[in-house]
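# Structure at a glance
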Amino acid sequence: MMEDHVTPRRVVIIGGGFAGLFAARALRHAPAAVTVIDRRAHHLFQPLLYQCASGILSEGQIAQPLRGVLRRHHNVDCLLAEATDVDPQARVVHAQRPGGEPLEVPYDDLIVAVGMRQSYFGHDEYAAHAPGMKTLDDALGIRRRLYQAFEMAETATDPEERRQWLTFALVGGGPTGVELAGQIREIAGHTLDREFRAIDSAQARVLLFEGSDAVLGAFGPHLADRAARTLRNLGVEMHLGTMVTGVDADGLTVKDRNGASTRFPARTVLWTAGVEAPPIAAALARATGASQDRAGRIAVEPDLTLAGHPDIRVTGDVMSLDRLPGLAEVAMQSGAYAGRAVRHSIEGRKRKPKPFKYVDLGSAAYICRGRAVVKVGRIHLSGRTGWLAWLLIHLAFLTGFRSRFGAVLSWAVVFASGSRRERAFTMPDPPAPPVPPAGPKPSAPSS
């Protein structure tokens, strides 16, 4: 008598970030065929992007191939494509391969873990002159901009042009802005010390613009004040209560609360303020009738499903639930919760899962060597103690032994000497000169 072959449940996960990775891990032993769709073939440790951008860590230390990370999960496959739409009636995810060819991926259960992207608050034209930092390409591009600025200042003959190359402006006083500001001051004052002949790198200006009254406002007044004091001691110039009204290749214009506009010449402007949901979130909301907040996050039920669609779960930064912050820990916990819920459903457990409850593991921001701020519930740490806590937190979550070991070595070198091993950057080739049009061929001489 022939055995009946039971078709495994098809689970599709859109996104290979923290939420998607932890969902896939939770499904490791489930009788399911799991497909992870991501437009990039690597898992990125996004909280350390600024360290890649500033030359402390290499891209290989913060990004691991998705297939490598999930190689022991024999029921998980990875698909390099970008999800563009969802058909909840047919239970199909529409996607595009890198070349543009369409794909249709059927599912029985769908977990959406697409994260967020940089937002310019309706001024996408700023992006050409003020790159954000959400992807590995962004970090490598910022690394090029940072170190190129010092090289350009070295060869500039006009004093005003030199000052502009040595002025760095950052928009946004959250963790990324604060961390980048501290790193640029360390690069200028320590890493590049005595390397240039025509310029003094330590004279570089770092300007930090923030719309509220404090940097790191989510950390509370005490830690925000400690962070601001550390930044000022480093030489960072903070402009609080300001709103950017224009950005171009030569600088930015900001307006203060009194309505006065000020122009700041700067050849390097970096955008670290605001996030928005990617287009797939709007497509999913249209298809399911789900509501979105101003940033495009999708409202979910307490069990992370969409109302009327128990087979679709939204996790991580792109979900809107109880005003949870867009932190890596929220993504990890919600992804793991969604993966377990799907696994329990496949296993036939009838009991309804308990509502998702986030366990606050704290927030941390690295400012400079030996200085960080950490908030874990009522525990507030700063200075050297905060830096040690920051170190342990990030080591615990870095993916792969090689990443942890390499990061420890790199941090040890930077902490001991101030030097950075990952300073290589490439410049785009100049455009080829136009080929002159071919003229008429000379006639053969008459004999």
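Our subject is the structure that appears above.
Described in the following lines is the structure provided in the data block. If you're wondering where the values come from, they're calculated on a predicted model, not measured in any experiment. (Residues numbered from 1 in each chain as written. Predicted model: local features only at pLDDT ≥ 70, side-chain atom pairs only at ≥ 80, totals over all residues. Heavy atoms only, no water.)

Take the overall build of the protein chain next. Scanning the protein chain for helices and strands turns up 12 helices and 25 strands. For the protein chain, whose C-alpha radius of gyration is 25 Å, the value lies close to the compact-globule estimate of 22 Å for 447 residues. Taken along the three principal axes of its C-alpha coordinates, the protein chain extends 95 × 85 × 45 Å. For the protein chain, the exposed surface amounts to about 22500 Å²; the carbon and sulfur share of it is 53%. (Helix = DSSP H or I, 4+ residues; strand = E, 2+ residues; numbered from the N terminus. Rg over C-alpha atoms; globule rule 2.2 N^0.38 Å. Areas by Shrake-Rupley, 256 points an atom, 1.4 Å probe, with all protein chains shown as cover.)

Before going further, it helps to examine the sheet that holds strand 17 (residues 268-271). In space, the four strands of this open sheet follow the order 13-12-11-17, with parallel pairing throughout. With one partner strand each, in any of the chains shown, strand 13 (236-240) and strand 17 form the two edges of the open sheet. Within the sheet, the average angular offset between the axes of one strand and its neighbour, ignoring direction, is 20 degrees. Relative to strand 12 (residues 205-210), strand 11 (residues 167-171) runs parallel, the two sharing five bridges. (Pairing = 2+ DSSP bridges. Axes fitted to C-alpha atoms, helices over the stretch in contact; angles between N-to-C directions.)

Attention shifts here to the pairing of strand 11. Among the five residues that make up strand 11, five are buried, leaving the element largely enclosed by the rest of the structure. Side-chain alternation along strand 11 places Thr167, Ala169 and Val171 on one buried face and Phe168 and Leu170 on a second face that is also buried. Note on the crossover from strand 11 through helix 7 (residues 175-191) to strand 12: the handedness is right-handed. (Buried < 20%, exposed > 50% of the residue type's maximum accessible area, 1.4 Å probe, protein only. Right-handed = clockwise from strand over helix to strand, strands pointing away.)

All quantities given are derived from atomic positions and should not be read as evidence of function.
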